[in-house]
Amino acid sequence: MELAYIPSPSTGVINLGPIPLRGYAFCIIIGVFVAVWYGNKRWIARGGTAGTVADIAVWAVPFGLVGGRLYHVITDYQLYFSEGENWVDAFKIWEGGLGIWGAIALGAVGAWIGCRRRGIPLPAYADAIAPGIAFAQAIGRWGNWFNQELYGKPTDLPWALKITESANREAGLYHPTFLYESLWCVGVAFLVIWADRRFKLGHGRAFALYVAAYCVGRAWIEYMRVDEAHHILGLRLNVWTAIGVFVLAVVYMVVSARIRPGREEVVEPKTAKAAADKAAGKTADDEDASADAAAADSVTDTPTDTGKDAADSAGDVEHGAGNGAGSAAKS
């Protein structure tokens, strides 16, 4: 007898007239908003300016979405390019299917472009947004709940997820792996926040901690899932990916701590220069005013000085002539 379970939505789409409102898309959008908002707060606390995180996110988010979709399509190509499947479905991102590994990798490329345009070190930016990304993942995972996808093995636990029957799934009660990962991501976010405050992480180490901690949970959760996936030596492909990325993140933390201990003193050069000018009692308006005054003086002083010099010369001539006349009279 089913005493308790988590129900699934009857549909993941609400039609507002001709406009379909998809729960999966809403979760992604809300997650991005939270990541940018919280990343902005952390960036300002590190000495950056408001709006910088959002400006760079304009590059990072589209790159991340493309990267996430590419990873999913490449690793699950049979869903789109095998016999009887329609390859056009590979572009239907609203139906689900974003690989976090590709999203982070290509999103980092977009962030790098945005950082270079503003003269900002990418590791410092990554440290600022790391907890926000974890929170965004926690929210985004609820999009899988709307689509009734990425659930785990059958279970009779009170928090089991009830899945309805469709062409690609069998009705039943399953482990809500989307919920497990969502809660894990929240825990990862708080871990990074605590460690960053306690140890003053810098030079990309806060981001590396987020990556390593996420990989631990993802490997465990991935092992519980029952959706179709490629296997290597008996393990799902994403488990191997999590192991490899975890090792790289840990190595980066260790090497970075030895090469560049501590935290960046300046994360945004423009802000540092403005602060230095303010400390010296100078502002941009003051510099402009000084330049204008100097230009005005150079224009008005020239004729006056020329006239004064001419008058002085004439006086000297007259004085010399007078002295010469007096000398002649005496002799």
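Per-chain numbering applies: the sequence of each chain, read as written, is numbered from 1 onward. A pLDDT threshold of at least 70 governs which residues receive local features in this predicted model, and a stricter bar of 80 or more applies before side-chain atom pairs are shown or counted, although totals over entire chains, interfaces and linings include all residues. The basis for every side-chain value is the complete set of non-hydrogen atoms in the structure, without hydrogens or water.

## Some points on helix α8 (residues 205-224)
What counts here: Strands here are runs of E lasting at least two residues and helices are runs of H or I lasting at least four, both read from the DSSP assignment and numbered beginning at the N terminus. An expected span of 1.5 Å times one less than the residue number is assigned to each helix. The cut-offs for exposure are 20% and 50% of the maximum accessible area for each residue type, with area from a 1.4 Å probe on protein chains only; residues under the lower value are buried, those over the upper are exposed, and the others partly exposed.
If you check α8, its first and last C-alpha atoms are 29 Å apart, about what 20 residues at 1.5 Å a residue would give, namely 28 Å. Burial runs high along α8: 17 of the 20 residues are buried.

## A few points about the pairing of strand β2 (residues 19-22)
In plain terms, the rule: Here the rule is simple: two strands pair whenever DSSP picks up at least two bridges between them.
In this structure, strand β1 (residues 13-16) lies alongside β2, joined through four bridges in antiparallel fashion. Looking at the pairing, Leu 16 lines up with Ile 19 of β2.

## Overview of unusual backbone geometry
Positioned with a positive phi, Gln 148 is a non-glycine residue whose angle comes to about 50°. Position of Gln 148 relative to the elements: it lies in the loop between α6 (142-147) and β3 (161-163). The phi angle at His 203 is positive, at roughly 55°, despite the residue not being glycine. Locating His 203 in the fold gives a position in the loop between α7 (177-199) and α8. His 203 gets classed as buried once you look at its relative accessible area, which sits at 13%.

## Quick look at the packing of aromatic side chains
Let me state the cut-off plainly: We call Phe, Tyr and Trp rings a pair once their centres come within 6.5 Å, taking the six-membered ring for Trp, and we label the pair stacked below 30 degrees between planes, edge-to-face above 60, and tilted otherwise.
Under the counting rule described, the total for this entry stands at 13 aromatic pairs. Measuring from ring centre to ring centre gives 6.2 Å for Trp 87 and Phe 91, while their planes differ by 75°; the resulting arrangement is edge-to-face. Relative accessible area serves as the criterion here: at 62%, Phe 91 is assigned to the exposed category. Ring pairs connect the aromatic residues Trp 37, Tyr 38, Phe 135 and Phe 190, which therefore count as one cluster.

## Here's the deal with the side chain of Glu 222
Short version of the rule: In protein, a polar contact requires one atom able to donate a hydrogen and another able to accept it; more generally it is a pair of N or O atoms within 3.5 Å, and residues adjacent in sequence count only if both atoms are side-chain atoms.
Tracing the chain through its elements places Glu 222 in helix α8. By relative accessible area, Glu 222 is classed as buried at 1%. There is a polar contact of 3.3 Å between the side chain of Glu 222 and the side chain of Asn 238.

## Quick word on the packing of helix α4 (residues 100-118) against helix α5 (residues 122-140)
Note the following rule: Axes here mean lines fitted to C-alpha atoms, for a helix over just the part in contact, with angles spanning 0 to 180 degrees between N-to-C directions. Crossing handedness is defined as follows: a turn of the near helix away from the far one that is anticlockwise and smaller than a right angle gives a left-handed crossing, while the clockwise case is right-handed. Only heavy atoms matter for contacts: two residues are in contact if any of them lie within 4.5 Å across the pair. Classification used: nonpolar for Ala, Val, Leu, Ile, Met, Phe, Trp, Tyr, Cys and Pro, charged for Asp, Glu, Lys and Arg, polar for all others including Gly.
Contact pair α4 / α5: the axes reach a minimum separation of 12 Å and the direction vectors enclose 140°. For α4 against α5, the interelement crossing comes out right-handed. Of the residues in α5, those in contact with Ile 100, Ile 104, Ala 108, Ala 111, Trp 112 and Cys 115 of α4 are Leu 122, Tyr 125, Ile 133 and Gln 137. When grouped by side-chain class, the residues that make up the contact of α4 with α5 number nine nonpolar, one polar and no charged.

## Comments concerning the packing of helix α1 (residues 23-45) against α5
Spelled out, the test is: An angle below 35 degrees is read as roughly parallel, one above 145 as roughly antiparallel, one from 65 to 115 as roughly perpendicular, and any other as oblique.
Following both chains from N to C, one finds α1 and α5 inclined at 150°, their axes separated by 8 Å at the closest point. Looking at the two axes, α1 sits roughly antiparallel to α5. The interaxial crossing formed by α1 with α5 has right-handed handedness. Facing Cys 27, Ile 28, Ile 30, Gly 31, Val 32, Val 34, Ala 35, Tyr 38, Gly 39, Arg 42 and Trp 43 of α1, the residues of α5 in contact are Ala 124, Tyr 125, Asp 127, Ala 128, Ile 129, Pro 131, Gly 132, Ile 133, Phe 135, Ala 136, Ile 139 and Gly 140. The residue makeup of the contact of α1 with α5, split by class, is 17 nonpolar, four polar and two charged.

## A few points about the pattern of salt bridges
Filter applied, for reference: A pairing counts as a salt bridge when a side-chain nitrogen of Lys or Arg comes within 4 Å of a carboxyl oxygen of Asp or Glu.
For the structure on display, the rule yields 13 salt bridges. The shortest N-O distance in the salt bridge between Arg 42 and Asp 196 comes to 2.8 Å. Remark: Asp 196 occurs in helix α7 and Arg 42 occurs in helix α1; sequence separation between them is 154 residues. A residue is classified by how much of its surface remains accessible, and Asp 196, at 5% relative accessible area, is buried. Between Glu 181 and Arg 141 there is a salt bridge, and its shortest N-O distance comes to 3.1 Å.

Function-wise, these values are silent; they only describe arrangement.
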